6 protein chains.
Amino acid sequence: MRIKACRKAHFNAAHRLYRKDWSDEKNTQIFGKCSNPKFHGHNYDLVVAVTGDVDPETGFLIDLKVLKQYIVEEVEEPFDHKNLNEEVEEFETLNPTAENIAIVIWNRLRQRITDRFDIEVTLYETPRNFVIYSGE
Amino acid sequence: MRIKACRKAHFNAAHRLYRKDWSDEKNTQIFGKCSNPKFHGHNYDLVVAVTGDVDPETGFLIDLKVLKQYIVEEVEEPFDHKNLNEEVEEFETLNPTAENIAIVIWNRLRQRITDRFDIEVTLYETPRNFVIYSGE
Amino acid sequence: MRIKACRKAHFNAAHRLYRKDWSDEKNTQIFGKCSNPKFHGHNYDLVVAVTGDVDPETGFLIDLKVLKQYIVEEVEEPFDHKNLNEEVEEFETLNPTAENIAIVIWNRLRQRITDRFDIEVTLYETPRNFVIYSGE
Amino acid sequence: MRIKACRKAHFNAAHRLYRKDWSDEKNTQIFGKCSNPKFHGHNYDLVVAVTGDVDPETGFLIDLKVLKQYIVEEVEEPFDHKNLNEEVEEFETLNPTAENIAIVIWNRLRQRITDRFDIEVTLYETPRNFVIYSGE
Amino acid sequence: MRIKACRKAHFNAAHRLYRKDWSDEKNTQIFGKCSNPKFHGHNYDLVVAVTGDVDPETGFLIDLKVLKQYIVEEVEEPFDHKNLNEEVEEFETLNPTAENIAIVIWNRLRQRITDRFDIEVTLYETPRNFVIYSGE
Amino acid sequence: MRIKACRKAHFNAAHRLYRKDWSDEKNTQIFGKCSNPKFHGHNYDLVVAVTGDVDPETGFLIDLKVLKQYIVEEVEEPFDHKNLNEEVEEFETLNPTAENIAIVIWNRLRQRITDRFDIEVTLYETPRNFVIYSGE
């Protein structure tokens, strides 16, 4: 009985697309208005999907209250109402594109969730732009 | 021309998370407020996805009016405005978690839809909690 | 500078449409499957709108964190994961239609929010059925 | 034939709740994490409603393509992918709460739209927090 | 106890913006691609709001099943999967703008719903363009 | 670092389900009201997902502004505010079911996007009916 259980969360953050080793001109040329040095921001929506076998005793794949708590600790507390470039360790040297934010979130959750479960992270930067990462 | 065709439906039902072979104390300890003996309820949203080869004559995978009718007969009529624990046969002995409800729906639809098609059931218990089952 | 500030919340509850002073037959005749004696349930979505003058010092009408807390105390804690008919005092003798639930919520919040502000309650029983009450 | 015609738009921006004439301590005490000095951000959703008499010749209240263009010029171009506190003139001395942003947008649009029409601005800071201003 | 009760519905239809007494050139000049002579179409979403006093006996303003049925008979059956210009009587001589469609729907429902109730019609032509008419 | 990046778009179009080599009677018998000879229409929502390896230099899978432009050129300009049966070349001889529209869109985009990336097209004909095609 292999099932995928999903939990939705969200956080509001500022960021800019930016590589420190590029000039401001090159950053603007490649990333356009997304590289505004004074930052812009988003309401990020996040779906974390966990796949594995249903526990026959509880009928749960995973207690979603537990998954919710992992997301609070690994994503909402460190990311919400923050400047991703300047206040989240991983983005000191990593460009906070939606792709990279999803990979960082996946890596953080991978350390909290048993290896018996696969993890998939969907990150909406806007309702029209989103990415999906599953650690492949 | 392998395609996935999807139909969304919904039903409103009462339930509680509960195992008859556990004491009320143990049910509450494991399932928290979801085990309230007087029940609570949800507007369940359901997406049924059917995957197979497009019929070159009609350009349909499956006539969605037919799929809609299967969902009415197998899910909406038996589940809508019902108490899942007390009025749906499968949950007399099975805990109606989102995972188990999705599996029950999948099993009911599997008997109606040709084996040439794969089936995937996505069940939203709330907009933030949902599960996906495809019979694996 | 008169403005309306709104906060969305939600709760999941069981209910049935039912008048104690009517027979089961009459309840079923008037309320149909919504009167199922074993209950059904909903994910209720709630929007509370507060209207008044913006505070020139803070730029807030009302601190939405405060409004959120009133909603938690007056609505989410007493209503969420509950059976409205059997576990919420006001519905012991009042039929929990969407209309009446909205009026009960409005009355509860009216006691917490300053009279300088008007209050409007929108209650979604389903995404297709909702009511709006403003104390008129 | 008095009608309200509405157009939805959006913009992504960074901001912090902040009064220059208050200390950082007081800003944090009143505005909490919304006053983070390194900024955070939102996907703001905007609905502009214009009310007046339908033009019997065209059957339009207002050509929504024209209203869309006003919103592009007065809101999306100056606000999108910007830091509201540092890059939008009105917020140099005004705290960019949702309330104040809605009032600023209303004032900008009021100068573009004929006085025969009333204007109402709904601004969603998040899907759960929003404000409505109509110039009263 | 004055309340507003709302019911959402939808229909899919083809239309073009067009006045018979104008040349094709003038229609295109005023209405742009919306006047394409071969038609285009929309999934129209409709919210019908009815305002009045709650019935103290039932706790309903209006039985929403009854309102749903009025909408089926007056809107969905005559409009759904139809060409509004060519198959709906009112639009033989009236340009089917969102404004005019809302007014036609309001007039149809006004004949079915008791004068003790006010009616308001919200019609979404797209998620970004919508109009509201209340018979004023 | 294999990731899926998604972009949402939409277009409004008229269509009818129809095979030229069948009689009107047979078309109506198989396709029902969807075969109305005077057409009906939809607001189609489209999600294009592109899967491949993240570019370590930019942190992008693909610049979504570029993907957006491909969708404008290959889908929105040729399909929006058009009659699919009469104004889109591929449907001169192909029945414009949701399945076939998704396949046509996939084929158009396949010619614009590098073979290093997989493509998946999700097409919503209505919020309740949608199909997914990935070229298998």
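We now turn to the structure provided with this report.

Scoring rules and cut-offs
In every chain, residue numbers begin from 1 and rise along the written sequence. Whichever chain is written first becomes A and whichever ligand is written first becomes 1, with later ones labelled in order. Since the coordinates come from a predicted model, pLDDT governs what is reported: local features require at least 70, and pairs of side-chain atoms require 80 or more to be given and counted, while whole-chain, interface and lining totals use all residues. Note that the side-chain values use all heavy atoms of the structure and ignore hydrogens as well as water. Under the scheme used here, helices are H or I runs from DSSP no shorter than 4 residues and strands are E runs no shorter than 2 residues, and both carry numbers assigned from the N terminus. Relative accessibility decides the category of a residue: with a 1.4 Å probe and only protein chains considered, values under 20% of the type maximum give buried, values over 50% give exposed, and everything between is partly exposed. Should any heavy atoms of two residues lie within 4.5 Å, those residues are counted as being in contact. Residue-level accessible areas treat just the shown protein chains as cover; the underlying method is Shrake-Rupley with a 1.4 Å probe. Alignment of copies: least-squares fit on C-alpha atoms of residues with pLDDT of at least 70 in both copies. Buried area: the accessible surface (1.4 Å probe) lost by two parts on joining, summed over both. When a carboxyl oxygen of Asp or Glu is within 4 Å of a side-chain nitrogen of Lys or Arg, the pair counts as a salt bridge. Whenever two N or O atoms come within 3.5 Å, that pair is a polar contact, provided that in protein one can donate a hydrogen and the other can accept it, and provided that, for residues adjacent in sequence, both atoms are side-chain atoms. Gly is placed with the polar residues, together with every amino acid not listed as nonpolar (Ala, Val, Leu, Ile, Met, Phe, Trp, Tyr, Cys and Pro) or charged (Asp, Glu, Lys and Arg). At least two bridges found by DSSP between two strands is the condition for calling them paired. We define the bend at each residue as the angle formed by axes fitted to the 7 residues ending at it and the 7 residues starting at it. Each axis is a line fitted through C-alpha atoms, and for a helix only the stretch in contact is used; angles between axes span 0 to 180 degrees, taken between their N-to-C directions. Roughly parallel means an angle under 35 degrees; roughly antiparallel means over 145; roughly perpendicular covers 65 to 115; every other angle is labelled oblique. Handedness of a crossing follows from how the near helix is turned relative to the far one, being left-handed for an anticlockwise turn of less than a right angle and right-handed for a clockwise one. Pairs were defined over the aromatic rings of Phe, Tyr and Trp, the Trp ring being its six-membered one, requiring ring centres within 6.5 Å. Orientation was assigned from the angle between planes: stacked under 30 degrees, edge-to-face over 60, tilted for the rest. A ring is scored as having a charge over it whenever the NZ atom of a lysine or the CZ atom of an arginine sits within 6 Å of its centre and within 35 degrees of its normal.

### A short note on the overall build of chain A
So, point 1. Looking only at helices and strands, chain A features four helices and five strands.
So, point 2. The order of helices and strands in chain A, counted from the N terminus, is β-α-β-α-β-α-α-β-β.
So, point 3. When the 136 residues of chain A are sorted by exposure, 58% land in the buried category.
So, point 4. Here the analysis covers contacts within chain A between residues at least 6 apart in sequence; of these, 67% occur between residues at least 24 apart.
So, point 5. By element, 46% of the accessible surface of chain A is carried by carbon and sulfur atoms, the whole surface being about 5,700 Å².

### A short note on the relation of the copies chain D and chain C
So, point 1. With an RMSD of 0.0 Å, the fit of chain D onto chain C corresponds to turning through 120 degrees and sliding 0.0 Å along the axis. Given the turn and translation reported, the copies of this chain are related as if by a three-fold rotation axis. Of the C-alpha atoms belonging to chain D, the one lying closest to the rotation axis is found on P127(D), 8.8 Å away.

### A few points about the interface of chain E and chain F
You'll often see interface size given as the accessible area lost when the parts meet.
So, point 1. With 21 residues of chain E at the contact, the number on the chain F side is 21 residues.
So, point 2. Both faces combined, the contact of chain E with chain F buries some 1,800 Å², and carbon together with sulfur accounts for 49% of it.
So, point 3. Together, K38(E), N43(E) and H81(E) form the three largest contributors to the area buried by chain E at its contact with chain F, with a combined 35%.
So, point 4. Applying the counting rule to chain E against chain F returns four salt bridges.
So, point 5. A salt bridge links E86(F) to K38(E), with the shortest nitrogen-to-oxygen separation between them at 3.0 Å.
So, point 6. One can count 17 residue pairs in polar contact (both at pLDDT 80 or more) joining chain E with chain F.
So, point 7. For the side of chain E that touches chain F, the secondary structure elements donating two or more residues are β1 (2-15), β2 (40-53), β3 (82-83), α3 (84-87) and β4 (118-126) of chain E.

### Some words on the interface of chain D and chain C
So, point 1. Each partner contributes to the interface: chain D provides 19 residues, whereas chain C provides 22 residues.
So, point 2. Considering only the side of chain D, the residues that lose the most area to chain C are E99(D), R128(D) and F130(D), jointly responsible for 35% of the buried surface there.
So, point 3. Taken together, chain D and chain C are joined by nine residue pairs in polar contact (both at pLDDT 80 or more).
So, point 4. Of the residues forming the side of chain D that touches chain C, the biggest block, five residues, is contributed by strand β5 (residues 129-133) of chain D.
So, point 5. For the side of chain D that touches chain C, the per-class residue count stands at ten nonpolar, four polar and five charged.
So, point 6. Two strands pair when backbone bridges link them, and strand β1 (residues 2-15) of chain C and β5(D) are joined in this way by five bridges, in the antiparallel orientation. Paired with I3(C) across the bridge in β5(D) is Y133(D).

### Re the environment of H10(F)
So, point 1. With respect to the secondary-structure elements, H10(F) resides in strand β1 (residues 2-15).
So, point 2. Separated by 93 residues in the primary sequence, H10(F) and I103(F) have C-alpha atoms spaced 16 Å apart.

### A word on the pattern of salt bridges
So, point 1. All told, the structure shown has 67 salt bridges over all chains when counted by the stated rule.
So, point 2. For R108(A), the salt bridge identified is with E90(A), shortest N-O distance 2.9 Å. Pair noted here: R108(A) is in helix α4 (residues 98-110) and E90(A) is in the loop between α3 (84-87) and α4, with a separation of 18 residues, a long-range link.
So, point 3. Since its relative accessible area comes to 16%, R108(A) is described here as buried.
So, point 4. Each of the salt bridges in this network shares a partner with another, and the network as a whole consists of E73(E), E74(E), E90(E), R108(E) and R112(E).

### Concerning the relation of the copies chain E and chain F
So, point 1. For the pair chain E and chain F, the relating rotation is 180 degrees, the translation along its axis is 0.0 Å, and the fit reaches an RMSD of 0.0 Å. Classification of the inter-copy transformation places it as that of a two-fold axis.
So, point 2. Counting the interface residues of chain E, we find that 100% of their copies in chain F are interface residues as well, pointing to one common contact surface.

### Thoughts on the arrangement of the chains
So, point 1. As for chain E relative to chain B, no contact occurs, and the smallest C-alpha gap between them is 14 Å.
So, point 2. Over all C-alpha pairs, chain D and chain F never come within contact, reaching a minimum spacing of 14 Å.

### Observations concerning the pairing of strand β2 (residues 40-53) of chain B
Regular strands have side chains that alternate between both faces of the sheet.
All names here are of chain B.
So, point 1. The buried count for β2 comes to twelve of 14 residues, which makes it a mostly enclosed element.
So, point 2. Across 14 bridges, strand β1 (residues 2-15) lies against β2 in antiparallel orientation. Bridging across to β2, C6 finds its partner in A49.
So, point 3. The sheet contact formed by β2 and strand β4 (residues 118-126) spans seven bridges and is antiparallel. By the bridge assignment for β4, A49 is matched with E120.

### A word on helix α2 (residues 64-79) of chain A
So, point 1. At V72(A), α2(A) shows its maximal bend, which comes to roughly 45 degrees.
So, point 2. In this structure, the buried side of α2(A) is in contact with β1 (2-15), β2 (40-53), β3 (82-83), α3 and α4 of chain A together with β5 (129-133) of chain B.
So, point 3. The N-capping residue of α2(A), defined by a side-chain oxygen 3.0 Å from the backbone nitrogen of K65(A), is D63(A).
So, point 4. Just downstream of α2(A) lies H81(A), where phi reads positive at about 60 degrees.

### Regarding the packing of α2(A) against α4(A)
For any two helices packed against each other, the geometry comes down to the angle between their axes and how far apart the axes lie.
Residue and element names in this part refer to chain A.
So, point 1. With their axes 9 Å apart at the nearest point, α2 and α4 run at an angle of 140 degrees to one another. As far as their axial angle goes, α4 and α2 are oblique. In terms of crossing hand, the pair formed by α2 and α4 is right-handed. Contacts between α2 and α4 involve Y70, I71, E74, V75, P78 and F79 from the former and I101, V104, I105, R108 and L109 from the latter.
So, point 2. The residue inventory of the contact of α2 with α4, partitioned by class, reads nine nonpolar, no polar and two charged.

### Considering the pairing of strand β4 (residues 118-126) of chain D
So, point 1. Pairing analysis gives five bridges linking β4(D) to β5(D), with the strands arranged antiparallel. Within β5(D), the position partnered with V121(D) by the bridge is Y133(D).

### Brief notes about the packing of aromatic side chains
So, point 1. For the structure on display, the rule yields 42 aromatic pairs over all chains.
So, point 2. Look at W106(A) and Y133(A): their rings are 5.5 Å apart centre to centre, the planes differ by 75 degrees, and that puts the pair in the edge-to-face class. Pair noted here: W106(A) is in helix α4 and Y133(A) is in strand β5 (residues 129-133), with a separation of 27 residues, a long-range link.
So, point 3. Look at F60(C) and F31(D): their rings are 5.6 Å apart centre to centre, the planes differ by 90 degrees, and that puts the pair in the edge-to-face class. Here F60(C) is found in the loop between β2 (40-53) and α2 (64-79), whereas its partner F31(D) is found in helix α1 (residues 24-31) on a different chain.
So, point 4. One Lys or Arg, R16(F), reaches over the ring of Y18(F) and ends 3.9 Å from the middle of that ring.
So, point 5. One Lys or Arg, K26(F), reaches over the ring of W22(F) and ends 4.4 Å from the middle of that ring.

### Looking at unusual backbone geometry
So, point 1. Backbone geometry places H81(C), a non-glycine residue, at a positive phi of 60 degrees.
So, point 2. Judged by relative accessible area, H81(C) falls into the buried class, the value being 8%.
So, point 3. Phi at F39(E) takes a positive value of approximately 75 degrees, unusual for a residue other than glycine.
So, point 4. Here F39(E) shows up in the loop between α1 (24-31) and β2.
So, point 5. Take F39(E): its relative accessible area is 9%, and that puts it in the buried class.

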